[in-house]
Structures are given as structure tokens and as C-alpha cells.
Amino acid sequence: MNIRVKYLIGAVAVAALCLFVGCKVSYSLSGASIPANAQTVSIAYFPNNATLVAPSLSSTLTQGLQDRFISQTRLALVPENGDLAFEGAITNYVVSPTSVQSDELAAQNRLTVTVQVSFTNRIDPTFNFTDKSFSAFLEYDATMDLSSAEAALIPELVDMLVEDIFNAAVSNW
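Residues numbered from 1 in each chain as written. Predicted model: local features only at pLDDT ≥ 70, side-chain atom pairs only at ≥ 80, totals over all residues. Heavy atoms only, no water.

Asker: In this structure, what is going on with the side chain of serine 118? I would like to understand it.
Answerer: Here serine 118 shows up in strand E6 (residues 106-121). Separated by 3.1 Å, the side chain of serine 118 and the backbone nitrogen of aspartate 131 make a polar contact. (Helix = DSSP H or I, 4+ residues; strand = E, 2+ residues; numbered from the N terminus. Polar contact = N/O pair within 3.5 Å; in protein donor to acceptor, adjacent residues only side chain to side chain.)

What follows is the structure in C-alpha cells.
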């Protein structure tokens, strides 16, 4: 058989395989694997149910997750009943000392945020999860008061949480 014919047969086989796989799942550059027939995503407001409350955390987290789906998927954001749907709450917001100096005072504090998330995939329910917990933490110098540290820490913590939630829902690895 001619070498050109072999390459042509190979190219046709690869193209057919890509078409077959493409019918079920759509892949994006973000690493997300989203069902091809999924059109919408709904992300409910994440209330802060923690004992200690940072006023901007709920809106920052909710907006961060919405922005991630808008910018890195082809899905349209809808208020409710999306093909992919998220809801949840901030369940823990705590500061704890992580290292102690010789005078028994904290040298570093750790801010930890925990979020409980439920994810519904109406196209492929095998990927659903309920009340899954996601946590992120960052340390800061104990000489800073919490309100000063929050300005820098909250955006970073939200980025970490959004990354984890996004990957758990649509990265399938």
C-alpha cells in the first residue's frame, strides 16, 4: 500500500475519532470538560454562615465563581436552574496562631475559609456532589490586625477556593 494512502487512512481515522468523542464532551483551554449540550450555569449567592463574618466574603466568592465560568467556559450565566448549578454557604472563617515566638506570642496567624458546595449537573448527574467541603488558608504576620490582613488575603483565598470548586465540578480528573 502506498505511504500516502496509509497517511490518508490514518488522518481519516483520527478525524472520525475526534468527531465521535466531540459529540459527548466539549473541552476547553481551561481544562474543563463540559457536556456538549450544556448551555447554562447558575451560581446561587453563597451566604456567610460562619461565626466570624467578613462583610465582603460572600459577594467576592459568588462573583469569583461566576466570573470563572463566564470567562473560561462557553456557558451562559442564568439566575437559576442552569444545566450546571451551584449552591452553598461559607461555613467557617477562622483565625488561628501558627507559630509562636519565645515570649509565647503568635508570630504568624492563619486565616482559614471553608465553603460547603452542592453541584448539580443536569446533563450528566454522575458528576453531582452534595455538601462537599472546600477549604483554603493563608498565613499573615501576627502584628497585623485581621481587618488589615483581610484586604490582601480574601481575594487570594477566593481564587484558591474558586479554582478547587471549578476543578471538582468540571475538570473530571
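Asker: What is the right way to read the environment of alanine 76 from this model?
Answerer: Following the sequence through the fold, alanine 76 ends up in strand E4 (residues 76-77). Note on alanine 76: relative accessible area 38%, which makes it partly exposed. Along the chain, alanine 76 and glutamine 39 lie 37 residues apart, while their C-alpha atoms are 6.3 Å from each other. (Buried < 20%, exposed > 50% of the residue type's maximum accessible area, 1.4 Å probe, protein only.)

Asker: I would appreciate a short explanation of helix H3 (residues 146-170) in the present structure.
Answerer: Residues lying three or four places apart along an α-helix face the same way, a consequence of the helix completing one turn every 3.6 residues. The terminal C-alpha atoms of H3 lie 34 Å apart, and with 25 residues this matches the ideal 36 Å at 1.5 Å per residue to within 8%. The sharpest bend along H3 reaches about 40° and sits at alanine 152, with the proline proline 155 one to four residues further on. (Expected span 1.5 Å × (residues − 1). Bend = angle between axes of the 7 residues up to and from the residue.)

Asker: Explain the side chain of asparagine 109 to me, please; I cannot follow it from the model alone.
Answerer: In this fold, asparagine 109 is placed in strand E6. Not counting residues up to four positions away in its chain, the partners in contact with asparagine 109 are Val95, Ser96, Pro97, Thr98, Leu138, Glu139, Tyr140 and Ala142. (Contact = heavy atoms within 4.5 Å.)

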